[in-house]
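The primary structure of each chain is shown beneath.
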Amino acid sequence: MFRYGDEHGEQFKDQLLGFKLPAEQLQFTGLPEETLQDLREDAGKAGVVIAHGERAVGFFILHTGEGISNFYQDYEGAVLLRAFLMDCASQGRGFAKAAMALLPDFVRRHYPEARQMVLAVNERNTAASQLYLRAGFQDHGLRRSGSKGTQLILQYGLSSGSVGDLGDG
């Protein structure tokens, strides 16, 4: 995984712009062509490229600061995972699971002040919520109303290390 804009991340721009998703997934996330602009407009957002060799296979945004308060009120010390997606051609090959396994250490390295990661996932997006729960995110019953319906707010505490494992799920 590389931060987009770092020496390695920018080389994947053309690949990211070519990402495709099935319609049923597009309702839950934005493609990189839509989210890359956000990175230039908000200093609290950092893009992360999930790469397999020389190929970009996925992308997501890590968001910090007051800008995440509409997702999570206890935003100080929190990193919000947003717009997580795997390119259609790379789905079903274990890349998302591998990225989720690497994510806690990646966040600890780049955001040493972070105490937790949080994310919002649509309750109808069961594939994504199962991935996040298997990766150690926990559902403490927090919900928010999103533009596409109710979202679960999942949390992952960083101070104690992993709070779950990926299992064979």
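Our structure is the block above this text.
What comes next is a walk through the structure. Per chain, the residues get numbers from 1 upward, laid out in the order the sequence is written. This being a predicted model, a pLDDT of at least 70 is required before a residue's local features are given, and a value of 80 or more before pairs of side-chain atoms are given or counted; all residues contribute to the totals for chains, interfaces and linings. Hydrogens and water are ignored here; the side-chain numbers use all heavy atoms of the structure.

With that settled, the discussion passes to the pairing of strand 4 (residues 78-86). Counted residue by residue, strand 4 has 8 buried out of 9 residues, so it is predominantly covered. Sheet topology places strand 4 next to strand 5 (residues 116-122); 4 bridges connect them, and they run parallel. Each bridged residue has a counterpart across the sheet, and for V79 the counterpart in strand 5 is M117. Consider the strands pointing away from the viewer: the crossover is right-handed when the path from the first strand over the helix to the second runs clockwise. In this text, helices come from DSSP runs of H or I with a minimum length of four residues, and strands from runs of E with a minimum of two, each type numbered from the N-terminal end. Each parallel crossover has a hand, and the one from strand 4 via helix 4 (residues 95-110) to strand 5 is right-handed. Three exposure classes are used, based on accessible area relative to the maximum for each residue type with a 1.4 Å probe and protein chains only: buried under 20%, partly exposed in between, and exposed over 50%. Being paired, for any two strands, means DSSP has found at least two bridges between them.

Let us look at the sheet that holds strand 7 (residues 149-157). The strand order 1-2-3-4-5-7-6 describes an open sheet built from 7 strands, whose pairing is mixed. Sheet topology places strand 1 (2-3) and strand 6 (138-146) at the edges, where each strand pairs with a single neighbour. In the sheet, strand 6 pairs with strand 7 via 6 bridges, with the strands oriented antiparallel. Bridge assignment links R143 to a residue of strand 7, and that residue is L152. Should any heavy atoms of two residues lie within 4.5 Å, those residues are counted as being in contact. Helix axes are fitted to C-alpha atoms over the stretch in contact, other axes to C-alpha atoms as well, and angles between N-to-C directions run from 0 to 180 degrees. Contacts from helix 3 (residues 32-41) reach strand 2 (45-52), strand 3 (55-63) and strand 4, with the element oriented near 45° to strand 3. The sheet contacts of helix 5 (residues 126-134) involve strand 4, strand 5, strand 6 and strand 7, and relative to strand 5 the element is tilted by about 160°.

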